[in-house]
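Overview (structure and organization)
Chain by chain, the residues:
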Amino acid sequence: MWQTIVNAFRDKEIRKKIFITFGLLLVFRIGCYIPLPGLDVAALQSAATDSNDLIGVMNLISGGSLQNGTLFALGVLPYINSFIIMQLLTLIIPPLDRLSKSGEEGRKKITQITRYVAIVLGVVQSIGICVTYREYVEQIWGTPWVSYIVIVVLLTAGSTFVMWLSERITEYGIGNGSSLIIFTGIIATFGSSLISAFGTVGDNVNNIWYILGYLAVVILLFAFIVFIDGAERRVRVNYAKQVKGNKMYGGQSTVIPIKVNGSGVMPIIFASSFLMFPSIIVSFFEGTSFANFWNRYIGMGTPVYYVFMFLFIIFFAYFYAQIQFNPMDVARNLQQYGGTIQGVRPGKPTGEYLAKINNRLTFFGALFLAFIAIIPTFAFNALGQSIGMSSAFSATGMLIVVSVALELDKQLESQIMMKHYKGFLK
C-alpha cells in the first residue's frame, strides 16, 4: 500500500487529484469547527457525551461536529438517506426505473432528485436536533424561535455544502466522496478520543491496560476485516477456439472473481442510516408516552434494535449485491464470446449457476457484516467505559475505515495502471 502511495505521488495528474481530495476534506474539517449561533456548546457537549446511541452514532459519522454544535453537525447523513430512498423507489416505481435505464441524462435527473430529497431530509433532521436539544438553545433577539429557524437553516445549508463537497471529491478527486467524508470523521473522532484517554493515565495508572486492551481488539478486528475483504470465489471459465479470417482466437482460461463481501461497508451504512431516521422523527415527540416506549423497547441500543439491524444488514447486502453483480448479464456475455464453465451449459443454466454461488457468498458476507456491526461493539463499550472511549470507535466505524482505505488503495492502483497503459499506447 505504501508503495502504491509513493507511485501515485510520482505522477503529476494523480498527485493533483490527491491534493484536490485533501483540500476538499480539509474544507470539511474546517467546517466541523464553525460553531452555530444560539447554542450553549458547553452544555451540549456534556449532554451529547451522556446521550443515547443515536447521538453517538451521528456524532461519530460527523467527526464530533454534532457534539460541538457546529455547522456540519449533520455531515453527509441526509445525502446517504436520500440515496437509499431513491435506490429503493427506483425498484418499485416504474417511471424512476425507466429513467435510471435511459442513459446519462436519466441518471443526471435521478441525481438531481436525490439532491432535492437530501435537502428535505436535512430540514427534517435539523428540526429533530433542535427539538432534542431545545433546552440548550439560547434566545436571539428575545425569542427562541429565531434561534430555531437560524439553526435549522444553517444545519441544512451545512449538510447541502457537505453533499456538494462529496460530489466534487468523487468527480475530481480519488475515491467516493461520501465514504471519504465519513472516513475522515471517524478517524478524527478516534484520534481525539485516544489523546483524551492517554490523559486519564495520570489519574489512574491502571487505565493504560484498558487502552492497550482496546487497541488490541482494534488490531485483531483490523486483521479479520482485511482477511474477509480479500476473500473471493474464483469461477474458472474456458474459451473455445474460434477461427476468424486467418487468425485463431480463444483457447484460453480465465476466472470470474466473486467476493465474499462484495458489498463492502454499504449495507451497514444503509442499515444504520435507515434505522436512525425513525429515531430522529421520534425525537420530535420527546417526553410523550410513545417516545418513552420507543426509546425503551425499540430505540437504539435495545435488543429489538439489534434484531432489526441484523435483518436490515442482510437485506441491504442482498440488495446491493443484485445491483453490483448481474449473473444473467455475465452469462450472456460469456455465451457471446464463447466462454463456458466446466460442467455447466451456456446461457440460462450458467446464469443460474452464478446466481447460486453469488447468493451463497452474499449470505456469508451478510453474516460477517452483521457480526462486525453488533458483537464487537459490546467489547469496545466494556473496555472503553473507564477511559472515556466507549463511543469513540465501533466495529461499524472500523469496518468503514478499513473498507474505505482498501477501496482507496484499489482506486490509486487502477489510476496508476491506466497511466501505464496510456504510456504504452503512446
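Now for a description of the structure that goes with this document. (Residues numbered from 1 in each chain as written. Predicted model: local features only at pLDDT ≥ 70, side-chain atom pairs only at ≥ 80, totals over all residues. Heavy atoms only, no water.)

Each helix and strand in the protein chain was counted, giving 17 helices and five strands. Across the 426 residues in the protein chain, those meeting the buried criterion constitute 44%. Taking contacts inside the protein chain between residues at least 6 apart in sequence as the whole, the part at least 24 apart equals 73%. Element-wise, carbon and sulfur atoms account for 64% of the exposed surface of the protein chain, whose accessible area totals about 22,400 Å². (Helix = DSSP H or I, 4+ residues; strand = E, 2+ residues; numbered from the N terminus. Buried < 20%, exposed > 50% of the residue type's maximum accessible area, 1.4 Å probe, protein only. Contact = heavy atoms within 4.5 Å. Areas by Shrake-Rupley, 256 points an atom, 1.4 Å probe, with all protein chains shown as cover.)

What follows concerns the pattern of salt bridges. Applying the stated rule across the entire model yields four salt bridges. The partner of Arg115 in a salt bridge is Glu167, and the shortest N-O contact between them spans 3.0 Å. Taken together, the residues span a long stretch of sequence, with Arg115 in helix 8 (residues 104-132) and Glu167 in helix 9 (residues 144-172) at a distance of 52 residues. Residue classification places Arg115 among the partly exposed positions, given a relative accessible area of 26%. A salt bridge links Arg234 to Glu232; the nearest nitrogen and oxygen atoms lie 2.9 Å apart. In this structure Glu232 comes out as partly exposed when scored by relative accessible area, which is 33%. (Salt bridge = Lys/Arg side-chain N within 4 Å of Asp/Glu carboxyl O.)

Together, Val304, Val307, Phe308, Phe310, Leu311, Phe363, Phe364 and Leu367 make up an exposed nonpolar region whose accessible area comes to about 680 Å². Those elements giving two or more residues to the nonpolar patch turn out to be helix 14 (303-324) and helix 16 (348-384). A per-element tally of the nonpolar patch places helix 14 first, with five residues. By secondary structure assignment, the location of Leu367 is in helix 16. (Patch = residues over 30% accessible without salt bridge, like charges linked within 9 Å, V, L, I, M, F, W, Y side chains within 5 Å.)

So, on to empty space enclosed by the protein. Going through the model one piece at a time under the given rule, you end up with two cavities of 30 Å³ or more. In this structure, the largest cavity encloses a volume near 70 Å³. For the largest cavity, the lining is made up of 12 residues, of which Leu39, Ile129, Tyr133, Ile151 and Leu155 are closest to its centre. Going through the elements one at a time, helix 8 and helix 9 are the ones with two or more residues in the lining of the largest cavity. Each pocket or cavity is described by its volume, and for the second largest cavity that value is around 30 Å³. Lining the second largest cavity are Pro78, Tyr79, Ala118, Ile119, Thr156, Ser159, Thr160 and Met163. Contributing elements (two or more residues each) for the lining of the second largest cavity: helix 6 (77-92), helix 8 and helix 9. Classifying every residue of the lining of the second largest cavity gives five nonpolar, three polar and no charged. (1 Å grid on protein atoms, 1.4 Å probe; cavity = no way out; pocket = protein on both sides within 12 Å on 5 of 7 lines; lining within 4 Å. Points joined across faces, edges and corners; volume = space filled by probe spheres on them. Nonpolar A, V, L, I, M, F, W, Y, C, P; charged D, E, K, R; others polar.)

Here the focus is the nonpolar core. Core analysis: the largest hydrophobic core is formed by 53 residues, its most contacted members being Ile181, Ile313 and Leu399. If you tally residues by element for this core, the top one is helix 14, at seven residues. (Core = buried A, V, L, I, M, F, W, Y, C linked by side-chain atoms within 4.5 Å.)

In this section: the packing of aromatic side chains. Counting across every chain of the model gives 13 aromatic pairs. Seen in terms of ring centroids, Phe315 and Phe319 are 6.3 Å apart; in terms of plane orientation they differ by 15 degrees. Their pairing is stacked. Of the two residues, Phe315 and Phe319 both sit in helix 14, four residues apart, roughly one turn of that helix. Judged by its relative accessible area of 10%, Phe319 falls in the buried class. Chaining the aromatic ring pairs together yields one cluster made of Phe308, Phe312, Phe315, Phe316 and Phe319. (Phe/Tyr/Trp six-rings, centres within 6.5 Å; stacked < 30°, edge-to-face > 60°.)

Below, the discussion takes up the sheet that holds strand 1 (residues 232-239). Spatially, the three strands line up as an open sheet ordered 4-1-5, and their pairing is antiparallel. Across the chains shown, the open sheet's two edge strands, defined by having one partner strand only, are strand 4 (253-259) and strand 5 (339-340). Of the pairings in the sheet, the one linking strand 1 to strand 5 comprises two bridges and is antiparallel in character. In the sheet register, Asn238 faces strand 5, and the bridge partner there is Thr340. (Pairing = 2+ DSSP bridges.)

Take the environment of Leu24 next. Mapped onto the elements of the fold, Leu24 is located in helix 2 (residues 12-31). On a C-alpha basis, the gap between Leu24 and Ile181 in space is 9.4 Å, while along the polypeptide they are 157 residues apart. Not counting residues within four places of it along the chain, the set of residues in contact with Leu24 comprises Leu165, Arg168 and Ile169.

Attention shifts here to the environment of Ile30. As for its placement among the helices and strands, Ile30 is situated in helix 2. Judged by its relative accessible area of 49%, Ile30 falls in the partly exposed class. Taking the C-alpha atoms as reference points, Ile30 and Phe72, 42 residues apart in sequence, are found 9.3 Å from one another.

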